[in-house]
Amino acid sequence: MEQEWNKNAETNFHTDEKSLLEEMKLIITDFFVCDFIEEENALIMRLANGQKFKFTLKEVK
């Protein structure tokens, strides 16, 4: 019964770009010391050495 519930939770789960970026932000901070700048559907990460990276997300249907 529990396996069936978990399978349904996986197939019925839905997220959006903003929520997914927030989750990614939390994961990234576990591995890097950095600052973030948030934009619409984008996250800019600035490392301590000055490097910048931009993560963008768009749902593909």
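Look above for the structure.
Criteria and thresholds
- Residues numbered from 1 in each chain as written.
- Predicted model: local features only at pLDDT ≥ 70, side-chain atom pairs only at ≥ 80, totals over all residues.
- Heavy atoms only, no water.
- Helix = DSSP H or I, 4+ residues; strand = E, 2+ residues; numbered from the N terminus.
- Buried < 20%, exposed > 50% of the residue type's maximum accessible area, 1.4 Å probe, protein only.
- Salt bridge = Lys/Arg side-chain N within 4 Å of Asp/Glu carboxyl O.
- Pairing = 2+ DSSP bridges.
- Axes fitted to C-alpha atoms, helices over the stretch in contact; angles between N-to-C directions.
- Core = buried A, V, L, I, M, F, W, Y, C linked by side-chain atoms within 4.5 Å.
- Contact = heavy atoms within 4.5 Å.

1. Considering unusual backbone geometry
Comment: phi is negative for the bulk of residues other than glycine, and the bulk of peptide bonds are trans.
Phase 1 of the analysis: Phi is positive for Asn41, close to 55°, though the residue is something other than glycine.
Phase 2 of the analysis: Here Asn41 lies in the loop between strand S1 (34–39) and strand S2 (42–47).
Phase 3 of the analysis: Among the residues examined, Asn41 registers a relative accessible area of 30% and is labelled partly exposed.

2. Some details on the pattern of salt bridges
Any two side chains of opposite charge can pair if their charged atoms end up close together.
Phase 1 of the analysis: Tallying each qualifying case throughout the model produces 3 salt bridges.
Phase 2 of the analysis: Measuring nitrogen to oxygen at the nearest pair gives 2.6 Å for the salt bridge that ties Glu38 to Lys25. One end of the pair, Glu38, is in strand S1; the other, Lys25, is in helix H2 (residues 17–29), with 13 residues separating them in the sequence.
Phase 3 of the analysis: When its relative accessible area of 45% is taken as the criterion, Glu38 is described as partly exposed.

3. What about the sheet that holds strand S3 (residues 52–56)?
Phase 1 of the analysis: Pairing is antiparallel across the open sheet formed by 3 strands, whose spatial order is S1-S2-S3. Across the chains shown, the open sheet's two edge strands, defined by having one partner strand only, are S1 and S3. Each strand of the sheet is rotated relative to its neighbour by a mean of 20°, with strand direction disregarded.
Phase 2 of the analysis: Direction of pairing for S1 relative to S2: antiparallel, over a ladder of 6 bridges. Bridge pairing in S2 places Cys34 opposite Leu47.

4. Examining the nonpolar core
Phase 1 of the analysis: Listed in full, the 7 residues of the largest apolar core are Leu21, Ile28, Cys34, Phe36, Leu43, Met45 and Leu47.
Phase 2 of the analysis: Only H2, S1 and S2 provide two or more residues apiece to this core.
Phase 3 of the analysis: For this core, the element with the highest residue contribution is S2, accounting for 3 residues.
Phase 4 of the analysis: Filtering out sequence-adjacent residues up to four positions away, Ile28 remains in contact with Cys34, Phe36, Met45 and Phe55.

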